[in-house]
Amino acid sequence: MMTIKIFCDICLRGNEVKVCKDTNIQVVSLTDREGEATKPYLTKVAIDICESCLDRRTSGESIYKKGNWANSEYFFKPLIQQL
């Protein structure tokens, strides 16, 4: 029998946490399809996301994406605290 490991596309944690596979979620893209820097724009992607990253997203943090269409990196930017 084959075991499939699914990892969160944002924090890269795997089977030790629950990961929702192919979740459609809106992200801020910083590059175009070829990977060239562009003006940030919103796009919807299907990513694998763990519960802790999903909690961060639902609490208001934005997920950012950079890279080309075949090799994208997803991440949270640090929140800037206002003084």
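Everything here concerns the structure above.
All values reported here derive from a predicted model rather than from experimental measurement.

All chains considered together, the criterion is met by zero disulfides. With no disulfide partner, C50 has as its closest neighbouring cysteine sulfur the one in C11, 3.6 Å distant. Unpaired in this structure, C53 has its nearest cysteine sulfur neighbour in C50, at a distance of 3.7 Å. Taking relative accessible area as the criterion, C53 reaches 4% and is therefore assigned buried.

Our next topic: the side chain of S29. Within the secondary structure, S29 sits in strand β1 (residues 19-31). On the accessibility criterion, S29 (0% relative accessible area) is buried. Polar side-chain contacts of S29 include one of 2.9 Å to the backbone oxygen of T31.

Throughout the structure, instances matching the rule amount to one salt bridge. Taking the shortest distance from any N to any O, the salt bridge between R56 and E61 comes out at 2.9 Å. Given the relative accessible area of 36%, R56 is considered partly exposed.

Here is what the cut-offs are and how they apply
- Residues numbered from 1 in each chain as written.
- Predicted model: local features only at pLDDT ≥ 70, side-chain atom pairs only at ≥ 80, totals over all residues.
- Heavy atoms only, no water.
- Disulfide = S-S within 2.5 Å.
- Buried < 20%, exposed > 50% of the residue type's maximum accessible area, 1.4 Å probe, protein only.
- Helix = DSSP H or I, 4+ residues; strand = E, 2+ residues; numbered from the N terminus.
- Polar contact = N/O pair within 3.5 Å; in protein donor to acceptor, adjacent residues only side chain to side chain.
- Salt bridge = Lys/Arg side-chain N within 4 Å of Asp/Glu carboxyl O.

Such coordinate-based values are descriptive only and should not be taken to indicate function.
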